[in-house]
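Take a look at the letters that make up each chain.
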Amino acid sequence: MSGQGNVVPIIHWSRSSLCLEEDPELFFPVSFEGPGREQCEQAKAVCNRCPVKRRCLDYALNTQQMYGVWGGTTPDERRALMAMVRRKARAKAEAAARS
C-alpha cells in the first residue's frame, strides 16, 4: 500500500501459469491410459516449463484436486504424494512420543 492509500494489486500465481495459453481440455484427459496418456504427457510438458509449477502443485494438494493435471502430476501421483506426507508426519509424531 502506498502512502496515499492506493492498494497495489496482488497478482495471483495462476496469472503467471503457462496453461493459460493452452486449451484447458489438455489438462483434463478423459483417461490417463491409452490415448489419454499422450495427452497427459503433453500437459506435463507444459507444466515442466511453467514458472509456477510448485505453487500449482501446492494448490492441488491443499484443495485435494481429484481430476486433471496440476503442477505436473496426475491424480494418482498426487494421492501418492499425500500418502507419503501423511506417513512422514505419523512417523515424526511417533518418534516425538517415544522421546
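This text goes with the structure placed above it.
(A) How the structure looks around the overall build of the protein. Scanning the protein for helices and strands turns up 3 helices and 0 strands. Order of helices (α) and strands (β) in the protein, N terminus to C terminus: α-α-α. Relative to its full complement of 99 residues, the protein shows a buried share of 27%. For the protein, restricting intrachain contacts to residue pairs at least 6 apart in sequence, the fraction spanning at least 24 positions comes to 43%. Accessible surface for the protein amounts to roughly 7,500 Å². Of this, 56% is attributable to carbon and sulfur atoms.

(B) Fine view of unusual backbone geometry. With a phi angle near 50°, Gln64 is a residue other than glycine that sits in the positive phi range. Take Gln64: it is sitting in the loop between helix 2 (53–62) and helix 3 (75–98). On the basis of relative accessibility, which here comes to 59%, the residue Gln64 falls in the exposed class.

(C) Representation of the packing of helix 2 against helix 3 within the structure. At a minimum axis separation of 10 Å, helix 2 and helix 3 run at an interaxial angle of 75°. With respect to their mutual orientation, helix 2 and helix 3 come out roughly perpendicular. Across the interface between the two elements, Leu57, Ala60 and Leu61 of helix 2 pack against Arg78, Leu81 and Met82 of helix 3. The residue inventory of the contact of helix 2 with helix 3, partitioned by class, reads 5 nonpolar, no polar and 1 charged.

(D) Molecular detail of the packing of aromatic side chains. With the rule as written, the count across this model stands at 3 aromatic pairs. Summarising the aromatic geometry, the rings of Trp13 and Tyr59 are spaced 5.9 Å apart at their centres and angled 55° between planes, so their arrangement reads as tilted. In this pair, Trp13 sits in the segment before helix 1 (35–49) while Tyr59 sits in helix 2, placing the two residues 46 residues apart along the sequence. Looking at Tyr59, the relative accessible area reads 35%, which means it is partly exposed. Between Tyr59 and Trp70, the ring centres sit 5.5 Å apart and the planes meet at 40°, which makes this aromatic pair tilted. Note that Tyr59 is positioned in helix 2 and Trp70 in the loop between helix 2 and helix 3, a separation of 11 residues in sequence.

Scoring rules and cut-offs
- Residues numbered from 1 in each chain as written.
- Predicted model: local features only at pLDDT ≥ 70, side-chain atom pairs only at ≥ 80, totals over all residues.
- Heavy atoms only, no water.
- Helix = DSSP H or I, 4+ residues; strand = E, 2+ residues; numbered from the N terminus.
- Buried < 20%, exposed > 50% of the residue type's maximum accessible area, 1.4 Å probe, protein only.
- Contact = heavy atoms within 4.5 Å.
- Areas by Shrake-Rupley, 256 points an atom, 1.4 Å probe, with all protein chains shown as cover.
- Axes fitted to C-alpha atoms, helices over the stretch in contact; angles between N-to-C directions.
- Parallel < 35°, antiparallel > 145°, perpendicular 65-115°, else oblique.
- Nonpolar A, V, L, I, M, F, W, Y, C, P; charged D, E, K, R; others polar.
- Phe/Tyr/Trp six-rings, centres within 6.5 Å; stacked < 30°, edge-to-face > 60°.

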